[in-house]
Amino acid sequence: MCDLMWSDPDDIHGWGISARGAGYVFGGDIVQQFLHTNDLRKVARSHQLVMEGHKWMFDERLVTVWSAPNYCYRCGNVASALELEGPNEIHFQTFEAAPPKFRQVPDFSMRSPDYFL
């Protein structure tokens, strides 16, 4: 399962070596085998930039969801959040990065943020 989640889908058959230098790439046949073995219908994953915020592959059996808009302040991508409304109802909230005029560094000089408590 770890290899499937941390590696990347590709239009190949079987497994391949990833150009990233770590992990693997895998094809739709691997996804189908995984779904059948585990009695699942779909795989939702992340950890791979997709410019559209989300990307379906392999007859909508696998979706990659990317939730960081304008990744590294330079990619120009949108982001998505996956919403499950029921067993067969999937929606995406797609959003762009906040315009620079609405972004600011919070002033924590008077107190620590709650997540440091």
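Residues numbered from 1 in each chain as written. Predicted model: local features only at pLDDT ≥ 70, side-chain atom pairs only at ≥ 80, totals over all residues. Heavy atoms only, no water.

Caption draft 1: Expanded view of the nonpolar core. In terms of nonpolar packing, the biggest core is built from 9 residues, these being Phe26, Ile30, Val31, Phe34, Leu35, Val43, Met57, Phe58 and Leu62. The contacts of Met57, once residues within four sequence positions are left out, are Pro9, Asp10, Asp11 and Leu62. (Core = buried A, V, L, I, M, F, W, Y, C linked by side-chain atoms within 4.5 Å. Buried < 20%, exposed > 50% of the residue type's maximum accessible area, 1.4 Å probe, protein only. Contact = heavy atoms within 4.5 Å.)

Caption draft 2: Focus on the pairing of strand S7 (residues 79–86). One ladder, built from 7 bridges, connects S7 with strand S8 (residues 89–95); its direction is antiparallel. Among the inter-strand pairings, Ala81 is bridged to a residue of S8, identified as Gln93. Here S7 hands over to S8 after 2 residues, the two strands then running antiparallel side by side. (Pairing = 2+ DSSP bridges. Helix = DSSP H or I, 4+ residues; strand = E, 2+ residues; numbered from the N terminus.)

Caption draft 3: Representation of the packing of aromatic side chains. For the structure on display, the rule yields 4 aromatic pairs. On the numbers, 5.9 Å between centres and 80° between planes, the contact of Trp15 with Tyr24 is edge-to-face. Note on Tyr24: relative accessible area 34%, which makes it partly exposed. Aromatic side chains Trp66 and Tyr71 sit 4.9 Å apart centroid to centroid with 90° between the ring planes, which places their arrangement in the edge-to-face category. On the basis of relative accessibility, which here comes to 36%, the residue Tyr71 falls in the partly exposed class. Within the aromatic cluster, the residues linked to one another by ring pairs are Trp15, Tyr24 and Phe26. (Phe/Tyr/Trp six-rings, centres within 6.5 Å; stacked < 30°, edge-to-face > 60°.)

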